[in-house]
Amino acid sequence: MANTHYAIVVFGGDPDGEHPDPELRGRGPQLTLIGCGSADFCWSAIAHWTGKHPLRRWEHAEVVSRSPEMIAEHPGPDPG
């Protein structure tokens, strides 16, 4: 069965180069995948991740899901 939930950290981007963390200064928006599986697993993965890596300015964590229609339309890898 396809993974239906994804735990991600979202960084909104810093186009003006004002971020206090040099690692993120001037970077564009980005998503970091933390885990995938059930919704409960994903929230647990976020709690574990943020316990070790506190969220920085302009970052937030969320769980996103695929709709059943999307899973039905894309059941597996594209053969072509």
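Residues numbered from 1 in each chain as written. Predicted model: local features only at pLDDT ≥ 70, side-chain atom pairs only at ≥ 80, totals over all residues. Heavy atoms only, no water.

Comments concerning the sheet that holds strand S1 (residues 5-11)
So, point 1. Sheet architecture is open: three strands sit in the order S2-S1-S3, paired in antiparallel fashion. Where the open sheet ends on each side, the last strands, each with one partner, are strand S2 (30-37) and strand S3 (59-65). Across the sheet, the mean angle from the axis of one strand to that of its neighbour is 25°, orientation sign disregarded.
So, point 2. Sheet analysis places S1 next to S2, joined by seven bridges and oriented antiparallel. In the sheet register, Val 9 faces S2, and the bridge partner there is Thr 32.
So, point 3. Here helix H1 (residues 39-52) sits on the sheet in contact with S1, S2 and S3, set at roughly 130° to S2. (Pairing = 2+ DSSP bridges. Helix = DSSP H or I, 4+ residues; strand = E, 2+ residues; numbered from the N terminus. Axes fitted to C-alpha atoms, helices over the stretch in contact; angles between N-to-C directions. Contact = heavy atoms within 4.5 Å.)

Considering H1
So, point 1. Taking 1.5 Å as the rise per residue, H1 with 14 residues should run 20 Å; its terminal C-alpha atoms sit 20 Å apart, in good agreement.
So, point 2. Among all positions of H1, only Cys 42, Ala 45 and Ile 46 are buried. Summarising the axial view, the buried residues of H1 lie within an arc of 100°, below the 170-degree limit, and thus occupy one face. Facing away from the buried side of H1 by over 90 degrees, the exposed positions are Asp 40, His 48 and Gly 51.
So, point 3. The inward-facing, buried residues of H1 abut S1, S2 and S3. (Expected span 1.5 Å × (residues − 1). Buried < 20%, exposed > 50% of the residue type's maximum accessible area, 1.4 Å probe, protein only. Arc of directions from axis to C-beta.)

Re the side chain of Thr 4
So, point 1. Here Thr 4 lies in the segment before S1.
So, point 2. Its relative accessible area of 18% is what places Thr 4 among the buried residues.
So, point 3. Among the polar contacts listed, one links the side chain of Thr 4 to the side chain of His 5, at a separation of 2.9 Å. (Polar contact = N/O pair within 3.5 Å; in protein donor to acceptor, adjacent residues only side chain to side chain.)

What is shown is where atoms sit, not what they do.
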